[in-house]
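# Inside the fold
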Amino acid sequence: MFADNVEKVLISEEEIVSRCKELGAQISKDYEGKDPIIIGLLKGSVPFMAELIKNITIDCEMEFMAVSSYSGVESMGDVKIVKDLDRSIKGENVLIVEDIVDTGKTLEKVKELLYSKGAKSVKVVSLLDKPSRRIVDIEAEYVGFSIPDAFVIGFGLDFNQKYRNLPFVGVLKEECYK
Ligand code: IMP
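Source: prediction; values computed, not measured.

Criteria and cut-off values
- Residues numbered from 1 in each chain as written.
- Predicted model: local features only at pLDDT ≥ 70, side-chain atom pairs only at ≥ 80, totals over all residues.
- Heavy atoms only, no water.
- Phe/Tyr/Trp six-rings, centres within 6.5 Å; stacked < 30°, edge-to-face > 60°.
- Buried < 20%, exposed > 50% of the residue type's maximum accessible area, 1.4 Å probe, protein only.
- Lys NZ or Arg CZ within 6 Å of the ring centre and 35° of its normal.
- Pairing = 2+ DSSP bridges.
- Helix = DSSP H or I, 4+ residues; strand = E, 2+ residues; numbered from the N terminus.
- Expected span 1.5 Å × (residues − 1).
- Arc of directions from axis to C-beta.
- Contact = heavy atoms within 4.5 Å.

### Here we look at the packing of aromatic side chains
On inspection of all chains with the given rule, the structure shows three aromatic pairs. An angle of 75° between the planes, with centres 6.1 Å apart, marks the rings of Phe-151 and Phe-159 as edge-to-face. According to the relative accessible area criterion, Phe-151 is buried, its value standing at 15%. Cluster of aromatic residues (ring-pair linked, three or more members): Phe-151, Phe-159 and Tyr-177. Across from the ring centre of Tyr-31, 5.8 Å away, lies the NZ or CZ of Lys-34, which sits over that ring.

Right, dumping it as structure tokens:
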């Protein structure tokens with residue numbers, strides 16, 4: 001069974017659902033009257049974004065963007081736009097939804113790009129944060145859970161495009177990639 005490759009469950013579905021309620025309430029308060037454009041980075045952010053936006057109680061718009069930076073378990077250190085936004089974000093307050101901040105390279109590039117498109121403000125909400133792996137000096141304004149340095153899968157996070165559909169965040173067995 002595919003879930004046999006999970007070493008252990010790190011964060012349960014219940015914990016994620018509950019944290020999304022808190023994050024949604026905070027974001028709704030902070031963005032009151034600002035009509036943010038919420039941009040999900042495909043594909044990892046999809047389950048988290050779906051859960052989060054149910055708890056956002058102000059007017060907002062949803063957009064998606066795809067960048068590529070990873071292959072297997074290692075960052076390629078090179079961020080490419082694979083799918084661009086469908087609308088202009090000039091003068092808009094933008095909130096990026098990410099699955100995990102690891103080295104920080106992806107976010108640095110994406111933030112740079114969104115500012116170059118004329119965004120008024122660019123902030124980040126990330127389901128997970130791995131602060132011990134950071135190379136670039138960047139932080140998400142809103143973080144679901146801070147986790148230790150382990151390769152995690154589930155709730156959007158993949159290993160070679162698989163396991164995104166697990167309803168929890170789990171640690172991938174080392175034997176799968178060693
Ligand atoms: P960064 O540019 O190093 O911060 O990488 C961010 C991207 O790397 C995330 O959006 C994920 O797609 C991927 N990534 C980083 N760590 C993990 C992990 O533990 N599991 C799955 N994907 C990861």
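Right, picking up where we left off after that structure.
### Considering the sheet that holds strand E1 (residues 6-11)
Within the open sheet, the three strands sit side by side as E1-E9-E8. Their pairing is antiparallel. Two strands bound the open sheet, and with one partner strand each, they are E1 and strand E8 (152-153). Bridge analysis of E1 against strand E9 (residues 169-172) gives four bridges, and the strand direction is antiparallel. When the bridges of E9 are listed, Val-9 appears paired with Gly-170.

### A look at helix H1 (residues 13-30)
Over its 18 residues, H1 runs 26 Å from end to end, which matches the ideal 26 Å to within 8%, given 1.5 Å per residue. Among the residues of H1, Ile-16, Cys-20, Leu-23, Gly-24, Ile-27 and Ser-28 are the ones counted as buried. For H1, the buried positions fall inside an angular range of 130° around the axis, keeping them on one side. Exposed residues pointing more than 90 degrees away from the buried face of H1 are listed as Glu-14 and Lys-29. Check the buried side of H1 and you find it contacts E1, helix H2 (46-53), strand E5 (93-101), strand E6 (121-129), strand E7 (142-146) and E9.

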